[in-house]
Amino acid sequence: MSSHTPEKLAYMVNQIARNLALDPDPVGMVAQHIQDFWTPRMKHMAFALDGAGLDPVARDALARLAGQYGAAAAS
């Protein structure tokens, strides 16, 4: 069983967003990190958050990825 709960995934994506906040394109970098390193199951669970508990950069990165995957966009 995975230890990746929705709360843990929200924490993780927010942490990634904070670490990349000073990048010229933080939303793009967060989206790229999730694309490169998260499993499909983790991405699906993160899309299901619908923006709940997410910082703006994290929310926008997930919305960008959701559009690429045809998933329900995080709002």
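The structure we're discussing is the one just above.
Throughout, a residue's number is its position along its own chain's written sequence, starting from 1. Reporting in this predicted model follows two pLDDT cut-offs: at least 70 for local features of residues, and 80 or more for side-chain atom pairs to be given and counted; totals over whole chains, interfaces and linings ignore these cut-offs and use all residues. No hydrogens and no water enter the side-chain calculation; it runs on all heavy atoms of the structure.

Participant: What should I look at first to understand helix α2 (residues 26–37) in this one?
Facilitator: Given 3.6 residues per turn, any residue in an α-helix points the same way as the ones three and four places further on. Numbering of helices and strands starts at the N terminus; helices are DSSP runs of H or I of at least 4 residues and strands are runs of E of at least 2. To estimate the expected span of a helix, subtract one from its residue number and multiply by 1.5 Å. Taking 1.5 Å per residue, 12 residues should reach 16 Å; α2 reaches 16 Å between its end C-alpha atoms and fits that length. Relative accessibility under 20% of the residue-type maximum defines a buried residue, over 50% an exposed one, and the middle range a partly exposed one, all with a 1.4 Å probe and only protein chains included. Listed as buried for α2 are Pro-26, Val-27, Gly-28, Val-30, Ala-31 and Ile-34. Contact partners of the buried residues in α2: α1 (6–19), α3 (40–47) and α4 (56–69). The contact definition used throughout considers only heavy atoms, calling two residues in contact when any of these lie within 4.5 Å.

Participant: Sorry if this is basic, but what is going on with the side chain of Asn-14 here?
Facilitator: Within the secondary structure layout, Asn-14 lies in helix α1. Ignoring sequence-local partners within four residues, the contact set of Asn-14 consists of Gly-53, Leu-54, Asp-55 and Ala-58.

Participant: Any chance you could explain α4 here in plain terms?
Facilitator: End to end, α4 covers 20 Å across 14 residues, agreeing with the expected 20 Å (1.5 Å per residue, within 8%). Of the positions making up α4, those classed as buried are Ala-58, Ala-61, Leu-62, Leu-65 and Ala-66. End-on, the buried residues of α4 take up no more than an arc of 140 degrees, which puts them together on one face. Phi for Gly-70, located one or two positions after α4, is positive at around 70 degrees. Think of it as the arc spanned by the lines of direction from the helix axis to the C-beta atoms.

Participant: Explanation requested: the pattern of salt bridges in the structure shown.
Facilitator: Opposite charge on two side chains permits them to pair, given that their charged atoms come into close proximity. Any carboxyl oxygen of Asp or Glu within 4 Å of a side-chain nitrogen of Lys or Arg constitutes a salt bridge here. As enumerated under the stated definition, the model contains 3 salt bridges in all. With its nearest N and O atoms 3.6 Å apart, the salt bridge here joins Arg-18 to Asp-55. Linking Arg-18 in helix α1 with Asp-55 in the loop between α3 and α4, this pair joins segments that are 37 residues apart in sequence. On the basis of relative accessible area, Arg-18 is assigned to the partly exposed category, the value being 47%. Taking relative accessible area as the criterion, Asp-55 reaches 28% and is therefore assigned partly exposed.

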